[in-house]
Amino acid sequence: MTPPRPSDNASADAGAAAGALRGASTPLVEAHALGCERAGRLVVRGVAFALHPGESLLFSGPNGVGKSSLIRLIAGLLPVASGTLNVNVPVALSDENLALDTGLPLRDALGFWTRIDGASDLRLRAALEALDLMPLADIPVRMLSTGQRKRAMLVRVLASGAPLWLLDEPGNGLDGASLDRLGGAMTQHLAQGGAIIAASHFPLPLAFTSTLSLDGANA
Ligand SMILES: Nc1ncnc2c1ncn2[C@@H]1O[C@H](COP(=O)(O)OP(=O)(O)OP(=O)(O)O)[C@@H](O)[C@H]1O
C-alpha cells in the first residue's frame, strides 16, 4: 500500500516564516513508514511526514483510528512498532491527562513543571496571560472548570519553551474566546520557528501546513 502522506494545505500565517526557515534546517521531527501498536495490535502503519521550523501537521479522522496513539508515539510514550521516527528537539505534550497537582494553586502547580522544563517565571506569566488564566492563578486546580483545566495544560506547553508542541484535541472544552487565544498562541509559536503536531475531531483555529487524514485504511 502507498504510505499516507500529509496533503499540502498552505498556511497563510505561518507559511512565510516556514518558507524563510525551511531548507536551511534539518526537520524537527520526521517519520518514515511509521507504525504504532496498541495491546499488540497494529493500529496505524505507513505514516510519513517531516516538519521543519514554522510547519504544522494535523492528524484527522474518526474515533479510534489512531490519532492519539500517534501523538503518544511521537511523545515517546509508546514504542515504535515499525518504520522510523526521529524527534530531534524537545517536545511538550497536552493530552486528556491533567498532569497538575489539584491541591495546589494554579500558579504553583504550573510552577512545578516550569522548574522541570527549565522555563522562567516570566515565561510562565506570559503563557498564563496568553490563555487568560492570570485571574485564576491563585485558585486551587481542583476548583477549575473543564475548559479552564484544558487551558492550564496548554499553558504548560506554551511555557515549556519546547520547539515541538504535541496537542491532542487541544480545543476540547474551550469556548470561542479561548479557541481564538489558542489559535494566536499556535500562530506565534510557528512564527518563532517552532512546529506543531495536533490531533482533532473539529477544525482548529490554525491553517495547518499539512493534514494527514487517517481513515482506518492504514491499519
Ligand atoms: N490503552 C490502550 N490499550 C489498548 N488499546 C488501546 C488503548 N488506547 C487506545 N487503544 C486502541 O487503539 C486504537 C486507536 O485509539 P486512539 O485513541 O489512538 O484513537 P483516536 O483516533 O485518537 O480516537 P478518538 O478520536 O476517539 O480520540 C483504538 O482501536 C483503541 O481501542
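Refer to the structure above for everything that follows.
Residues numbered from 1 in each chain as written. Predicted model: local features only at pLDDT ≥ 70, side-chain atom pairs only at ≥ 80, totals over all residues. Heavy atoms only, no water.

### Points about the pairing of strand E3 (residues 41-51)
Every other side chain in a regular strand lies on the same face of the sheet, so the side chains alternate between the two faces.
Okay, so step 1: Where strand E2 (residues 29-38) meets E3, seven bridges bridge the pair, whose relative direction is antiparallel. Note on E3: the bridge partner recorded for Glu-30 is Ala-50.
Okay, so step 2: If you look at the hairpin formed by E2 and E3, you'll find two residues sitting between the two strands, and Ala-39 has a positive phi there, around 50°. (Pairing = 2+ DSSP bridges. Helix = DSSP H or I, 4+ residues; strand = E, 2+ residues; numbered from the N terminus.)

### Some remarks on the sheet that holds E3
Okay, so step 1: What the three strands build is an open sheet, ordered E3-E2-E5; its pairing is antiparallel. The open sheet has two edge strands, E3 and strand E5 (82-87), and neither has a second partner. In this sheet, adjacent strand axes meet at a mean angle of 30° when their direction is disregarded.
Okay, so step 2: Those strands touched by helix H2 (residues 67-74) are E2, E3 and E5, and its axis lies near 120° from that of E2. (Axes fitted to C-alpha atoms, helices over the stretch in contact; angles between N-to-C directions. Contact = heavy atoms within 4.5 Å.)

### Points about the nonpolar core
Generally speaking, nonpolar side chains in soluble globular proteins are found buried as a group.
Okay, so step 1: Formed by 36 residues in total, the largest nonpolar core has its most connected members in Leu-100, Leu-106, Val-155 and Leu-167.
Okay, so step 2: Where this core is concerned, the elements lending two or more residues are helix H3 (106-117), helix H4 (121-130), helix H5 (146-160), strand E7 (164-168), helix H6 (176-191) and strand E8 (195-199).
Okay, so step 3: Summarising the domain contributions, this core has at least three residues from each of domain 1 (1-89 + 165-173 + 194-219) and domain 2 (92-162).
Okay, so step 4: Beyond its immediate sequence surroundings of up to four residues, Val-155 is in contact with Leu-110, Leu-124, Ala-127, Leu-128, Leu-131 and Leu-133. (Core = buried A, V, L, I, M, F, W, Y, C linked by side-chain atoms within 4.5 Å. Buried < 20%, exposed > 50% of the residue type's maximum accessible area, 1.4 Å probe, protein only. Domains from an automatic or database assignment.)

### Some thoughts on the packing of aromatic side chains
Okay, so step 1: All chains considered together, the criterion is met by two aromatic pairs.
Okay, so step 2: Ring geometry for Phe-112 against Trp-113: centres 5.3 Å apart, planes inclined by 80°, an arrangement best described as edge-to-face.
Okay, so step 3: Its relative accessible area of 43% is what places Phe-112 among the partly exposed residues.
Okay, so step 4: Positioned above the aromatic ring of Trp-113, the side-chain terminus of Arg-156 is 3.7 Å from the ring centre. (Phe/Tyr/Trp six-rings, centres within 6.5 Å; stacked < 30°, edge-to-face > 60°. Lys NZ or Arg CZ within 6 Å of the ring centre and 35° of its normal.)

### Regarding the packing of H3 against H5
Packed helix pairs are characterised by how far apart their axes lie and by the angle those axes make with each other.
Okay, so step 1: It is at 10 Å that the axes of H3 and H5 come closest, and there the two elements cross at 35°. In this structure, H3 crosses over H5, and the sense of that crossing is right-handed. Residues Leu-106, Leu-110, Trp-113, Thr-114 and Asp-117 of H3 form the contact with H5, whose own contacting residues are Ala-152, Val-155, Arg-156, Ala-159 and Ser-160.
Okay, so step 2: Looking at the contact of H3 with H5, its residues break down into six nonpolar, two polar and two charged. (Left-handed = near helix turned anticlockwise from the far one by under 90°. Nonpolar A, V, L, I, M, F, W, Y, C, P; charged D, E, K, R; others polar.)

Spatial relationships are all this shows, so hold off on functional conclusions.
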